[in-house]
Amino acid sequence: MILEAIQYAATQAVTPSEFRPFVHSSVNLWSRANRCTKAWAPHEANCKAFIGETIAGMRQRRTAVVLGSGLLRDVPILDLARAFDTVVLVDLVHLASVRAWIKAKRFTNIRLISRDLSGFTDTLAGRMPEPLSFLRQVPYLDLVVSANILSQIGVGTRRQLAQSRHDDADAIVSSLIKAHLDGLSALPCRTALLTDVSYKVTDRGGAVLEDADLLCGVPAPIAKRSWFWTVAPYGELGRDRQAVHQVIAV
Ligand SMILES: C[S@@+](CC[C@H](N)C(=O)[O-])C[C@H]1O[C@@H](n2cnc3c(N)ncnc32)[C@H](O)[C@@H]1O
């Protein structure tokens, strides 16, 4: 609790005011990731390996952008920072501990951008969401990694919609998920998409207590790799329940 309070206060202090409401959920993610280190390790290794494979064959390595860089747990940041001239990390929030780590490692080629990547503000303004259009302005862009952010765009948008009592939440979330996928596939550079696409909550006997499509009906692109990620091992959600997500790498 004390570490969380310090992380929270330190991150609030370095986060632009419009993104401060999201600090709480980043700190929660950090705490959960620390509690679930063992259960998450295979997923994180798979993500890093996939990004490693993606960059291995690249001849030009000028700028890499990581969308949803978060805690830098599933992103091989050392490899990226060594391989690329510039690495741009984009997220709603960059935790104080992540910022301190980057500083301590003296990576002068890593840039941090706080940005809402959902496209929801476009939707609210009655425009077609184009959440990745800002990437057109990034010079010498050679790689974009979408790092386990896509399903979270849906989760976050639903949370915001619940407050404003919209009845077309499903349609809005689907349109934002589609906009992210369309935006990625339209980029004129190498891309890697890592995302969970569905989950099941099961009991110790294997009975399915809950399941959901995290892409809200939007067809997932054809995966190059796929695996299961135990997001909530037994004890996290309840003593006899676990949540396992299916992840794809494209
Ligand atoms: C599951 S975490 C990804 C973990 C991260 N790739 C890592 O290596 O630790 C999802 C990340 O997406 C970010 N995120 C969620 N919604 C977002 C949005 N609308 N815009 C930008 N980032 C968002 C969260 O802040 C979080 O860091």
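Shown above is the structure to which this text applies.
This one's a predicted model, so the numbers in the text were calculated from it and none came from an experiment.

(A) Main features of the site of the ligand. Around the ligand there are 19 residues in total, and G68, R73, D74, D91 and L117 lie nearest to it. The contact in question runs from an oxygen atom of the ligand to an N or O atom on the side chain of D74, over 2.6 Å. Within the complex, the protein chains bury 90% of what would otherwise be the 600 Å² of accessible surface of the ligand.

(B) Fine view of the environment of R20. Position of R20 among the secondary structure elements: in the loop between α1 (2-14) and α2 (23-35). Between the C-alpha atoms of R20 and Y8, which are 12 residues apart in sequence, the distance is 9.8 Å. Contact partners of R20, with chain neighbours within four places excluded, come to Q12 and T15. At a separation of 2.8 Å, a polar atom in the side chain of R20 contacts the main-chain carbonyl oxygen of T15.

(C) Structural view of the pattern of salt bridges. What the rule picks out here adds up to 10 salt bridges. Across the pair E236 and R35 runs a salt bridge, and its minimum N-O distance is 2.5 Å. With E236 in the loop between β7 (225-232) and β8 (241-249) and R35 in helix α2, this pair connects stretches of sequence that are 201 residues apart. With a relative accessible area of 53%, R35 lands in the exposed category. Taken together, the salt bridges that share partners define one network made up of R32, R35 and E236.

The rules behind each value
- Residues numbered from 1 in each chain as written.
- Predicted model: local features only at pLDDT ≥ 70, side-chain atom pairs only at ≥ 80, totals over all residues.
- Heavy atoms only, no water.
- Near = heavy atom within 4 Å.
- Polar contact = N/O pair within 3.5 Å; in protein donor to acceptor, adjacent residues only side chain to side chain.
- Areas by Shrake-Rupley, 256 points an atom, 1.4 Å probe, with all protein chains shown as cover.
- Helix = DSSP H or I, 4+ residues; strand = E, 2+ residues; numbered from the N terminus.
- Contact = heavy atoms within 4.5 Å.
- Salt bridge = Lys/Arg side-chain N within 4 Å of Asp/Glu carboxyl O.
- Buried < 20%, exposed > 50% of the residue type's maximum accessible area, 1.4 Å probe, protein only.

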